[in-house]
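# Coordinate inspection notes
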Amino acid sequence: MELLTGHPLESSVNARYALLTMSRIRKLEEAVEDLFGRGMMHGTMHLSIGQEASPTGVCMALDITDQITSTHRGHGHCVAKGADLMRMVAELLGKENGYCGGRGGSMHIADVETGNLGANGIVGGGIPIAIGAALASKMMKKGTIAVSFFGDGAMNEGAFHEAANLAAIWKLPVILVCENNKYGMSSSTELAFAIDHLSERGLGYGIPGYTVDGNDVAAVYEATEAAVKRAKAGEGPTLLEFVTYRWKGHSRSDKNLYRTKEEIDEWKKKDPILFFEHVVRDKGLLTEDEIAEVHAQATSQVIAAVNEAMKGKPADPATLLDAVFKKVDS
Amino acid sequence: MSKFEYAVIMPKMSMTMEEGELLGIRVNVGDAVKSGDILFDVATDKIDMEVESPADGVVKEIVGQVGSTMLVGAPVLILLTDTQVMSFDFNTPAIPEVAEAVTPPVAVVVPEPEVIPVAEKTVMAMPKARVVAESLGINLQSIDPTGPFGTITFEDVSREDVGKLVESTPQTASVVEMRKAANRKKVAEALELTRGIPQITLSRFSSHTTASLEQGSAHLVSTWARIIRNNAHVNISTHDESTHSFIGVGLIMESKYGLAIPVFKDPDLSPGLNLQEWIQNTRVQASDGKVPVQMLSGATTSIFDISHTKIASAIPMLLPTHTTALSVGAPHASFGESEINLTVDLRYCDALEAASLLDQLIDAL
Amino acid sequence: MTDRMLTMSEALREAMSIAMEERPEVFILGEDIGIYGGAFGVTGDLYHRFGSERIRDTPISELGIVGAAVGAALSGMRPIVEIQFSDFTAQAMDQIVNQAAKIHFMVGGGLHVPLVLRAAGGSGTGAAAQHSQSLEGWFANVPGLKVVIPSSPYEAKGLLLSSIDDPNPVIFLEHKLLYKIPGREPVPEGAYRIPLGVSRVLREGKDLTVVATGIMVSRAMSAAEELDKDGVTLTIIDPRTISPLDMDPVYASLEKTGRLMVVQEAPEHGGFLNEVIARVATGPSLGHLIAPVSRLAGMNIPIPYAPQLEKAAVPQIPDIVKAAREVVANWR
């Protein structure tokens, strides 16, 4: 899908794009959950249902040449940065035509053409890499920026601290995006942090930090847009904390013992998609019918992607050894 | 309002789950349900889980039986939902054959460890000493080791009468003659050992034809290997009566030092052209007096293929440890059929079984 | 032709200088590599020649700097990371092992990581247990990393230039004792490249094939000269890169000598050169062996401090002479 840059509420076109992106992410993840539930998907998967506003709002503030690093909960980032749904599903099904040729799966999914440097199975693993991408941009005067998506859990990894410091001392064009979904697997932010807002962590490194409603795609966009401006002006990194919530378990085998059904229900009321629908209806950007039509479009795109991906050839073990090293002359 | 039919299935909840027990169903047909309401409870060996409704709707039908164990993907109940729920039923799961089988945690009977008798006289020799001894036909048991731990060294083998001129010194005609003599002696000694074994030789004519020696040998070797594979009771090493886990076929061929019998392991599993190439390469190596060390043992049968000579037939003789031996003669000048002879060790295979083996072979050829 | 004798520090500096002149995307980052000139003086005056952007001093932050190098490599640069002591790679292991080594594979080939990580290793300087290890085995066990161990100034320059050219992550392990001593052979001026994955046969003998890495190559050469006097002659093979590993010269040599010895400084247990032994045991030369394989390696202990203890912990020239003599005398 063609990447659109701009404020989600700037026009009907933008509103439609934002809603469609969020809907595509949710429908894709529902499809993935169904496929996994039927035993058609290998391995495990981490769903970001309920968190769709963050990738959507952030990527609407980026150009296609800007780079991102993603996380194990990375389907949304991949979609929002412009990946093809069919090739994503093909990857999850272990097909040859999947984005990684079946070698990566859900945790390493990436469309490198859209500036995605990869989802990452290591908590915090992508943060120093984003700093390096920003360093390259600065040294090569590319004018692009890098965004590192990570969760609340990653903020207690050494990688976050080392990367944040390097980004600050070198004034790198990078945005550190913490999607605080309240739980690192089962550890709540209350258990894992002694501060109220994770954005306070920026202070110690000389990085401005902001806490934003992560379920409001417009607020996410605005915060990111400001950070992009700062980065491009050579003023260095920004730390953004988007407060959100994961509706589903950490992975499929999560029994939700560490949180209550009431808490989950409370957050479901703050559904970023429903919230955005209210806003665009109020502002007269989209009608009820247009909203329904966007969801129908997302649904049919996902169904078509799954059906098409199922036809792909399974990845061939005979090619495995060729994939470890890049050929010296290629 | 409820317009989409959706089957709620037994979900896969962990990387290894293949089935789950339906513990209980919390709704009845006709109940209105909200997204997130618990519909039923599932248990696996690892985890108990509540399964929620994916959308608002009405329970249309209950399919699963409480208390039963259901495969992943099997429908438990049918909902009519207000919004379309993502659902893909392709029947054939994409992954199962790849997923690792999980060994069920049942009681395992640990067999008493088998006492393996130590071979009476283990000969310790360095790899190169073995290779040289084998190619010269030297019995390692006859050599006094001088190496540490009583190991036969390369030098010990080279010191033997037949071997003292070998290796780095250029090979004169007399060295080749000496090796031939040693080889002849070795073969004769070996056949001497099997002469007293009760055996029978059967023959039949076969009308199969082959283009070249290699093609013919390859066809014969792989067909015979397949027959042996299907008749595992003759795939026995008579040395210790052990049944081999592979099929080893010795193919008698010419070498610089007389006849050699390289062993082809599982030749029937090697694609036709590969086997031809394998045999051809081995012939080249053998003609230079070098049979690869891994092809020196492991046969339970041998083949003497003289179909490309003028000799009509040869009675095959059992080699030590072999249970069967086969020979194929040249096609008859006028009616074109070849004589195939099969010799069997009667202690492991009676005459009727031998006839059946021969029939199977000729049918297959 | 030149008969310039350089130290390994000088040869490495020359290689990096050539690479930086050839390619604007090459830059170096590490701790104290700028005005200080590097903990072992390898970067020397490069800071004054190339400036602070390209000779980039970093905080003490190994995980951060290796990660930043990975990200820069993914985005069009060719970073050279200097880690002061290879022991500190433990701090950066996630970025080396889980990220740099695997990204090309994980994303299905669309990204690659042209990164060189130089690190000083080895004992002999009294730096004790946390500053003296030989860790090549760690890296060789990670598919996706190339592992280079230069054994002399000449090798270091040619191998480093090839490593910088390589589109994959290369771990380049330098022995501290080699930095300051001139090599046995001259180092040509200008650029020359030694391909990765080609072993070098330094000398040929009839009695024993010695495979040695890093500083053990020169120790084995000295031992061979000593043994020449007794008429015992050694073939010495330096694999140069242990990933990929070129075994062909070893197989060819064993046909002539029938005896194999491996010499490494890293501890014996689980050491990389055991792989050489395994390949011989499972490969085409087994039938040529007339002697059991000998193995000289570091003791299975952390590197100790006191000089006499430190020396005793890893193979020295007399150890190689003695072991070679024994294996040739006992097995004929």
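Residues numbered from 1 in each chain as written. Chains lettered and ligands numbered in written order. Predicted model: local features only at pLDDT ≥ 70, side-chain atom pairs only at ≥ 80, totals over all residues.

What follows deals with the overall build of chain A. A tally of regular secondary structure across chain A gives eleven helices and seven strands. Taking 20 Å as the expected radius of gyration for a compact globule of 330 residues, we find that chain A reaches 19 Å, a close match to that expectation. In terms of its C-alpha atoms, chain A occupies a principal-axis envelope of roughly 55 × 50 × 40 Å. With 330 residues in all, chain A has 60% of them scored as buried. Sequence separation of 24 or more characterises 77% of the internal contacts of chain A that already satisfy a separation of 6 or more. (Helix = DSSP H or I, 4+ residues; strand = E, 2+ residues; numbered from the N terminus. Rg over C-alpha atoms; globule rule 2.2 N^0.38 Å. Buried ≥ 20, exposed ≤ 12 C-beta atoms within 10 Å, placed from the backbone. Contact = placed C-beta atoms within 7 Å.)

Helix and strand counts for chain C come out as twelve helices and twelve strands. Relative to a compact globule of 332 residues, whose C-alpha radius of gyration would be 20 Å, chain C shows 20 Å and is just as compact. Over its C-alpha atoms, taken along the principal directions, chain C stretches across nearly 60 × 45 × 40 Å. The burial tally for chain C puts 57% of its 332 residues in the buried class. Contacts in chain C between residues far apart in sequence, at least 24 positions, make up 81% of those at least 6 positions apart.

What follows covers the environment of C:His175. Residues and elements named next belong to chain C. By secondary structure assignment, the location of His 175 is in strand 6 (residues 170–175). Taking the number of C-beta atoms within 10 Å as the measure of exposure, His 175 has 25 and is therefore buried. Taking C-alpha positions, His 175 is 27 Å from Glu 22, a pair spaced 153 residues apart along the chain.

It is worth spelling out the interface of chain A and chain C at this point. Opposite the 35 residues of chain A that make contact, chain C presents 35 residues. When contributions to the side of chain A that touches chain C are tallied by element, the ones reaching two or more residues are helix 5 (126–139) and helix 6 (158–169) of chain A. Considering every element that reaches the side of chain A that touches chain C, the biggest residue donor is helix 5 of chain A, with ten residues. Broken down by class, the residue content of the side of chain A that touches chain C amounts to 22 nonpolar, ten polar and three charged. (Nonpolar A, V, L, I, M, F, W, Y, C, P; charged D, E, K, R; others polar.)

This part is about the packing of helix 5 of chain A against helix 3 (residues 62–74) of chain C. Close contact between helix 5 of chain A and helix 3 of chain C brings their axes to 6 Å; oriented N to C, the two are set at 55 degrees. One way to sum up the angle between helix 5 of chain A and helix 3 of chain C is to call them oblique. Viewed along their axes, helix 5 of chain A and helix 3 of chain C form a crossing whose handedness is right-handed. Contacts between helix 5 of chain A and helix 3 of chain C pair A:Pro128, A:Ile129, A:Ala130, A:Ile131, A:Gly132, A:Ala133, A:Leu135 and A:Ala136 from the former with C:Leu63, C:Gly64, C:Gly67, C:Ala68, C:Ala69, C:Val70, C:Gly71, C:Ala72 and C:Leu74 from the latter. (Axes fitted to C-alpha atoms, helices over the stretch in contact; angles between N-to-C directions. Parallel < 35°, antiparallel > 145°, perpendicular 65-115°, else oblique. Left-handed = near helix turned anticlockwise from the far one by under 90°.)

The next subject is the environment of B:Thr321. Residues and elements named next belong to chain B. With respect to the helices, strands and loops of the structure, Thr 321 is situated in the loop between strand 16 (301–305) and strand 17 (324–328). On the neighbour-count criterion, Thr 321 (20 C-beta atoms within 10 Å) is buried. Thr 321 sits 80 residues away from Glu 241 along the chain, and the two C-alpha atoms are 8.7 Å apart. When neighbours within four sequence positions are excluded, Thr 321 is seen to be in contact with Ser 237, Thr 238 and His 239.

All names here are of chain A. Where helix 10 (residues 272–282) is concerned, the buried positions are Pro 272, Ile 273, Phe 276, Glu 277 and Val 280. For helix 10, the angular spread of buried residues about the axis comes to 135 degrees, placing them on one side. Of the exposed residues in helix 10, the ones pointing more than 90 degrees away from its buried face are Leu 274, His 278 and Asp 282. (Arc of directions from axis to C-beta.)

Residues and elements named next belong to chain B. What the six strands build is an open sheet, ordered 9-18-17-16-12-15; its pairing is mixed. A single partner strand is all that each edge strand has here, and the edge strands are strand 9 (199–206) and strand 15 (263–265). Here the average twist between neighbouring strands, direction ignored, is 20 degrees. As judged from the eight bridges shared by strand 9 and strand 18 (residues 338–345), these two strands associate in the antiparallel manner. Across the sheet, Ser 206 pairs through a bridge with Ser 338, a residue of strand 18. Those strands touched by helix 4 (residues 213–230) are strand 12 (248–251), strand 15, strand 16 and strand 17, and its axis lies near 155 degrees from that of strand 16. (Pairing = 2+ DSSP bridges.)

Before going further, it helps to examine the interface of chain C and chain B. Counting residues at the interface gives ten residues for chain C, matched by ten residues for chain B. Residue classes in the side of chain C that touches chain B are distributed as five nonpolar, four polar and one charged.

Take the sheet that holds strand 10 (residues 241–243) of chain C next. Residue and element names in this part refer to chain C. Pairing is mixed in the open sheet, where seven strands are placed in the order 2-1-3-4-6-5-10. Each having just a single partner strand, strand 2 (55–57) and strand 10 make up the two edges of the open sheet. For this sheet, the mean angle separating the axes of adjacent strands, direction not counted, is 20 degrees. Sheet strands in contact with helix 7 (residues 153–165) are strand 1 (26–30), strand 3 (78–83), strand 4 (116–121), strand 5 (146–148) and strand 6, and its direction is about 160 degrees off that of strand 6.

Turning next to helix 1 (residues 127–136) of chain B. Burial of helix 1 of chain B is extensive: eight of the ten residues sit out of reach of the surface. Turning to helix 1 of chain B, its buried residues number three or more, namely B:Lys128, B:Ala129, B:Arg130, B:Val131, B:Val132, B:Ala133, B:Ser135 and B:Leu136.

Residues and elements named next belong to chain A. At a minimum axis separation of 8 Å, helix 5 and helix 6 run at an interaxial angle of 20 degrees. It follows from the interaxial angle that helix 5 and helix 6 lie roughly parallel. Crossing handedness for the pair helix 5 and helix 6: left-handed. For the pair helix 5 and helix 6, contact is made by Ile 127, Pro 128, Ile 131 and Ala 134 and by Ala 159, Phe 160, Glu 162, Ala 163, Leu 166 and Ala 167, respectively. When the residues that make up the contact of helix 5 with helix 6 are grouped by side-chain class, the tally is nine nonpolar, no polar and one charged.

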